Amino acid sequence: MSAAPARGMDGERRVAAVLPAGGSGERMGGCTPKQYCPVLGRPLISRTLEALERVGWISDIVVVVASESADLMKNIVHRYGHKRVTLVEGGVTRHRSIFNGLKAFMGDHTLGAGLQTPEVVIIHDAVRPFVNEETLLQVTNAARQYGAAGAVRPLVSTVIAPSSDGCLDHSLERAKHRASEMPQAFLFDVIYKAYLQC
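Description of the structure in this document.

Procedures and definitions
- Residues numbered from 1 in each chain as written.
- Predicted model: local features only at pLDDT ≥ 70, side-chain atom pairs only at ≥ 80, totals over all residues.
- Heavy atoms only, no water.
- Phe/Tyr/Trp six-rings, centres within 6.5 Å; stacked < 30°, edge-to-face > 60°.
- Helix = DSSP H or I, 4+ residues; strand = E, 2+ residues; numbered from the N terminus.
- Buried < 20%, exposed > 50% of the residue type's maximum accessible area, 1.4 Å probe, protein only.
- Lys NZ or Arg CZ within 6 Å of the ring centre and 35° of its normal.
- Contact = heavy atoms within 4.5 Å.
- Axes fitted to C-alpha atoms, helices over the stretch in contact; angles between N-to-C directions.
- Parallel < 35°, antiparallel > 145°, perpendicular 65-115°, else oblique.
- Left-handed = near helix turned anticlockwise from the far one by under 90°.
- Nonpolar A, V, L, I, M, F, W, Y, C, P; charged D, E, K, R; others polar.
- Salt bridge = Lys/Arg side-chain N within 4 Å of Asp/Glu carboxyl O.
- Arc of directions from axis to C-beta.
- Pairing = 2+ DSSP bridges.

**Examining the packing of aromatic side chains**
Link 1 in the chain: For the structure shown, the criterion picks out 4 aromatic pairs.
Link 2 in the chain: Between Phe99 and Tyr195, the ring centres sit 5.8 Å apart and the planes meet at 20 degrees, which makes this aromatic pair stacked. On the criterion of sequence distance, the pair formed by Phe99 in helix H3 (residues 94–103) and Tyr195 in helix H5 (residues 188–197) is long-range, its members being 96 residues apart.
Link 3 in the chain: In this structure Phe99 comes out as buried when scored by relative accessible area, which is 15%.
Link 4 in the chain: The rings of Phe99, Phe105, Phe188, Tyr192 and Tyr195 are connected pair by pair, giving a single aromatic cluster.
Link 5 in the chain: Over the aromatic face of Phe99 sits the side chain of Lys103, whose NZ or CZ is 4.8 Å from the ring centroid.

Laid out in structure tokens, this is it:
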């Protein structure tokens, strides 16, 4: 088991998470957004919350939901006994939804109680339940050191650039590139200021 992120001289160094969950599932082609599809008897988002709740040093989990799914999400939180979860209404884009999640820590949200501003915030996809504590710890500690960090992996697929006529122009050399994935972590002040400037 991994150790929790170190505490400073001032005591608690809060880490929180934001899960954008306002997507419509359009790419999946179904009528139910994928975060609410059942996996082993419960909605996928519940499985993701379960994974984050196992990490005791994450103080708060903000779930950003579409307004039409707010009641559904409240029922999921209640039915499966999720703790440390605050619901926030999403925006019209993923970008605006994440910003709404961040604003919840500044006292600006509509569906839950007040939250303390964290030192580090982890942004993770609501439909990725297989995140482990070691990865969360690594991105959190890297964010503390560098201001921002994220999980990456080697490219396994060939990535091509087409020419203007639709034929292959060139492909990337996989050894020189990485795929960016979730989770990502940021010093809260860094990511909040970045979103304010966008």
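**Overview of the environment of Val63**
Link 1 in the chain: Along the chain, Val63 turns up in strand E4 (residues 58–65).
Link 2 in the chain: Owing to a relative accessible area of 0%, Val63 belongs among the buried residues under this scheme.
Link 3 in the chain: With 22 residues separating them along the chain, Val63 and Val85 place their C-alpha atoms 6.9 Å apart.
Link 4 in the chain: Non-local contacts of Val63, meaning those with residues more than four positions away in its chain, are made with Leu19, Ala21, Ile45, Leu49, Met73, Val85, Thr86, Leu87 and Val88.

**A look at the packing of H3 against H5**
Link 1 in the chain: Following both chains from N to C, one finds H3 and H5 inclined at 130 degrees, their axes separated by 10 Å at the closest point. In terms of axis orientation, H3 runs oblique to H5. The crossing of H3 and H5 is left-handed. For the pair H3 and H5, contact is made by His95, Ile98, Phe99, Leu102 and Lys103 and by Phe188, Ile191, Tyr192, Tyr195 and Leu196, respectively.
Link 2 in the chain: Classifying every residue of the contact of H3 with H5 by side-chain character gives 8 nonpolar, 1 polar and 1 charged.

**Structural notes on the pattern of salt bridges**
Link 1 in the chain: Taken as a whole, this structure holds 9 salt bridges when the rule is applied.
Link 2 in the chain: Lys176 is paired through a salt bridge with Glu173; the nearest N and O atoms lie 3.8 Å apart.
Link 3 in the chain: Lys176 sits in the exposed class, given a relative accessible area of 63%.
Link 4 in the chain: For Glu173, a relative accessible area of 47% translates into the label partly exposed.
Link 5 in the chain: A single salt-bridge network, built from bridges that share partners, covers Arg13, Glu119 and Arg144.

**Details of the environment of Met182**
Link 1 in the chain: Of note, Met182 is situated in strand E10 (residues 178–187).
Link 2 in the chain: Sequence separation between Met182 and Val139 is 43 residues; the distance between their C-alpha atoms is 9.7 Å.
Link 3 in the chain: In this structure, Met182 is in contact with Arg94, Ile123, His124, Asp125, Arg128 and Ala151, ignoring residues within four places of it in sequence.

**What about helix H2 (residues 70–79)?**
Link 1 in the chain: Along H2, the residues classified as buried are Ala70, Met73, Ile76 and Val77. Axial view of H2: buried residues confined to an arc of 120 degrees, hence all on one face. The outward face of H2, more than 90 degrees from its buried face, is lined by the exposed residues Asp71, Asn75, His78 and Arg79.
Link 2 in the chain: The positive-phi residue at the C-terminal boundary of H2 is Gly81, with phi of around 65 degrees.

**Things to note about the sheet that holds strand E1 (residues 15–21)**
To summarise the sheet geometry, strands pair through backbone hydrogen bonds and adopt either a parallel or an antiparallel arrangement.
Link 1 in the chain: The strand order across the open sheet formed by 6 strands is E5-E4-E1-E6-E10-E7, and the pairing between neighbours is mixed. A strand with exactly one partner marks an edge of an open sheet, and here the two such strands are strand E5 (85–89) and strand E7 (148–154). On average, each strand axis in the sheet is tilted by 25 degrees relative to the strand beside it, whichever way the strands run.
Link 2 in the chain: Of the strand pairs in this sheet, strand E6 (residues 120–123) and E10 are connected by 4 bridges, and their pairing is antiparallel. Bridge pairing in E10 links Ile122 to Ala185.
Link 3 in the chain: In this fold H2 packs onto E4 and E5, with an angle of close to 175 degrees to the strand it touches most, E5.
Link 4 in the chain: Its contacts with the sheet place H3 against E1, E4, E5, E6 and E10, and it is angled at close to 145 degrees to E1.

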